[in-house]
Amino acid sequence: MKRTSRIPGFYKLPIIERVKIVKEFAELTDEEVSALLNTGSLPLDLADRMIENVIGVFHLPFAVATNFLINGKDYLVPMVIEEPSVVAAASNAAKMVRAGGGFKAETTPPVMIGQIQLTNVKDPVEAKEQILSEKEKILEIANEQDPILVKLGGGAKDVEVRIIDTIKGPMVIVHLLVDVRDAMGANAVNTMAEAVAPYIEKITGGKVYLRIVSNLAVKRLARAECVVPKEVLGGEDVVEGILYAYAFAKADPYRAATHNKGIMNGVIAVALATGNDTRALEAGAHAYAAITGRYLPLSTWEMTEKGDLRGFLEMPMAVGIVGGATRVNPLAKIALKILGVKTASELAQVMVSVGLANNLAALKALATEGIQKGHMKLHARNLAIAVGATGELIDLVAERMIKEGKIRMERAREILEELKRKMKAS
Ligand code: MEV
């Protein structure tokens, strides 16, 4: 069988059939399949070692988005999310992008920034010079902390110094640039920043307070691009509508925040599935969106000469495939296996493509029929479940509410009671 993520009708299959397809696609073992199907896959004792004061395990749905073709490679993309429509939207958009040749994605080297806050120096400019003239020694101290990372080709690579004005006077901010290879990198960077701080104090006579990674990871960017033929989108009008949506977001931070939220729907769902730090990604994305001093959309949309739609997304993407929860949570390990990514940079390329896909799907829906139609179907099912419908009753209650155009909790309850009465009577 050709290994493809283009699987028509995947969403209509029973869960067990979907899992069979994913098993074959990713060569999962029987144990991995059982872990996917078992809602108790994160054992309590493991959970208890991940964070403090554990009293249970919290579950979320785990899905795969289909149709993703990125740099010529097919991916089934694991997504963990509570919001209906996001997985369907990503899969739909990826199908449209596939018709235009798929996503092209790339990343910068995986370089994170560690910040060392130096205060109480007599002359900040002189301190800056002292630090830069000791760059080699600072890098040496940093790299002594992580010989394995250095052996893998990573490690501290450079030192930059900024002087900033603050409410407590001028500060000298040292940036330690660390290639963290396949890790998210916060731990490695924080260790190095703490290790070099005493030496920086010694050569400058100042006092260091903070030593911590920056989540504004401007040296670790991921980029994705796609072209969608206008016929696939539904015609010139849809292209025009999406360009209007983009113009709106570019001019208005109220809209840009929501535009970027649509991007993060995809990015964060993959981050959760792979055990990555979602808060670091959110912080980095929104700070990057405001880096010009004005909050802007992270993606750009334009029309090609042929009248097709071209989209581009660039954002910081501090993700890892080693360390942290990625290797502790058994489901995160399986998610990485399903993805088949070999490096953190490849994972970042997938995530930025998914972000662009979710953005495209949202803009297309918003510029045409609106998002409520699709949302409401799933919302109706959720309401049915919330009022106690089970099995086939879920769809029966949901379909009735959609037909009536009344998708509300009280109505779901009434319909459920009526259906139950009828079933009893027959
Ligand atoms: C909903 O989760 C995301 C959207 O609001 C994104 C957008 O408006 O672009 C639909």
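These figures come from a predicted structure and were not determined experimentally.

### Brief notes about the overall build of the protein
- From N to C terminus, the protein includes 17 helices and 10 strands.
- Along the three orthogonal principal directions, the C-alpha set of the protein runs to about 85 × 55 × 45 Å.
- The buried share of the protein, taken over its 426 residues, is 48%.
- In the protein, the share of contacts with a sequence separation of at least 24, taken over all contacts with a separation of at least 6, comes to 71%.
- For the protein, the computed accessible surface area is about 21400 Å², with 55% contributed by carbon and sulfur atoms.

### Thoughts on the site of the ligand
- Around the ligand, the neighbouring residues are E83, R255, T258, H259, K261, G262, N265, A362, L366 and I371.
- Here an oxygen atom of the ligand and a side-chain polar atom of E83 are 2.6 Å apart.
- Here an oxygen atom of the ligand sits 2.7 Å away from a polar atom, N or O, in the side chain of K261.
- Burial of the ligand by the surrounding chains reaches 87%, relative to a free accessible area of 300 Å².
- Of all the elements in the fold, those that place two or more residues in the shell around the ligand are α11 (253-273) and α14 (344-367).
- Ranked by the residues each element gives to the shell around the ligand, the list is headed by α11, at 6 residues.
- Here the shell around the ligand is composed, by residue class, of 3 nonpolar, 4 polar and 3 charged.

### Some words on the packing of aromatic side chains
- This structure, assessed with the given rule, holds 1 aromatic pair.
- Ring geometry for F68 and F103: centres 5.6 Å apart, planes at 15 degrees, overall stacked. On the criterion of sequence distance, the pair formed by F68 in strand β1 (residues 62-70) and F103 in the loop between α4 (86-99) and β3 (104-107) is long-range, its members being 35 residues apart. Each member of the pair, F68 as well as F103, is classed as buried.

### What to know about the sheet that holds strand β6 (residues 169-179)
- Strands sit in the order β5-β6-β4-β7 across an open sheet of 4 strands; the sheet is antiparallel. The two strands at the open ends of the sheet, each matched to only one other strand, are β5 (155-166) and β7 (207-213). When the angles between neighbouring strand axes are averaged without regard to direction, this sheet yields 20 degrees.
- Two elements, strand β4 (residues 111-119) and β7, share 5 bridges in a ladder whose sense is antiparallel. Following the sheet pairing, L118 is matched in β7 by V208.
- Most of the contacts of helix α5 (residues 124-133) go to β5, to which it runs at about 180 degrees, and overall it touches β4, β5 and β6.

### Some points on the pairing of β4
- The element β4 is extensively covered by neighbouring structure, given that 8 of its 9 residues are classed as buried.
- Bridging between β4 and β6 involves 8 bridges; their strand directions are antiparallel. Within the sheet, the bridge partner assigned to G114 lies in β6 and is L176.

### Examining a nonpolar patch on the surface
- Together, I15, I16 and L37 make up a nonpolar patch on the protein surface, roughly 280 Å² of accessible area in all.
- With respect to the element layout, L37 can be found in helix α2 (residues 30-37).
- Using a relative accessible area of 41% as the deciding quantity, one classes L37 as partly exposed.

### Some details on the pattern of salt bridges
- Evaluated as defined, the whole model comprises 24 salt bridges.
- D158 serves as the salt-bridge partner of K135, at 2.8 Å between the closest nitrogen and oxygen. Within this pair, whereas K135 is found in helix α6 (residues 135-144), its partner D158 is found in strand β5, the two being separated by 23 residues in sequence.
- Using a relative accessible area of 24% as the deciding quantity, one classes K135 as partly exposed.
- One salt bridge connects D395 with R381, and the closest N-O pair in it is separated by 2.4 Å. Separated by 14 residues along the polypeptide, D395 in helix α16 (residues 392-404) and R381 in helix α15 (residues 372-386) bring together distant segments of the chain.
- Residue classification places D395 among the partly exposed positions, given a relative accessible area of 34%.
- According to the relative accessible area criterion, R381 is partly exposed, its value standing at 33%.

### Concerning the domain arrangement of the protein
- Its domain assignment divides the protein into domain 1 (1-59), domain 2 (66-106 + 220-369), domain 3 (111-213) and domain 4 (374-425).
- Here domain 1 and domain 4 have C-alpha centroids that lie 28 Å from each other.

### So, the sheet that holds strand β8 (residues 221-228)
- Judged by pairing direction, the sheet is antiparallel, and its 4 strands sit side by side in the order β3-β8-β10-β9 without closing on themselves. The open sheet is flanked by β3 and β9 (299-303), the only strands paired with a single partner. Adjacent strand axes in the sheet meet at a mean angle of 10 degrees, parallel and antiparallel pairs treated alike.
- In the sheet, β3 pairs with β8 via 4 bridges, with the strands oriented antiparallel. The residue of β8 that forms the bridge with T107 is A222.

Calculation criteria
Residues numbered from 1 in each chain as written. Predicted model: local features only at pLDDT ≥ 70, side-chain atom pairs only at ≥ 80, totals over all residues. Heavy atoms only, no water. Helix = DSSP H or I, 4+ residues; strand = E, 2+ residues; numbered from the N terminus. Buried < 20%, exposed > 50% of the residue type's maximum accessible area, 1.4 Å probe, protein only. Contact = heavy atoms within 4.5 Å. Areas by Shrake-Rupley, 256 points an atom, 1.4 Å probe, with all protein chains shown as cover. Near = heavy atom within 4 Å. Polar contact = N/O pair within 3.5 Å; in protein donor to acceptor, adjacent residues only side chain to side chain. Nonpolar A, V, L, I, M, F, W, Y, C, P; charged D, E, K, R; others polar. Phe/Tyr/Trp six-rings, centres within 6.5 Å; stacked < 30°, edge-to-face > 60°. Pairing = 2+ DSSP bridges. Axes fitted to C-alpha atoms, helices over the stretch in contact; angles between N-to-C directions. Patch = residues over 30% accessible without salt bridge, like charges linked within 9 Å, V, L, I, M, F, W, Y side chains within 5 Å. Salt bridge = Lys/Arg side-chain N within 4 Å of Asp/Glu carboxyl O. Domains from an automatic or database assignment.

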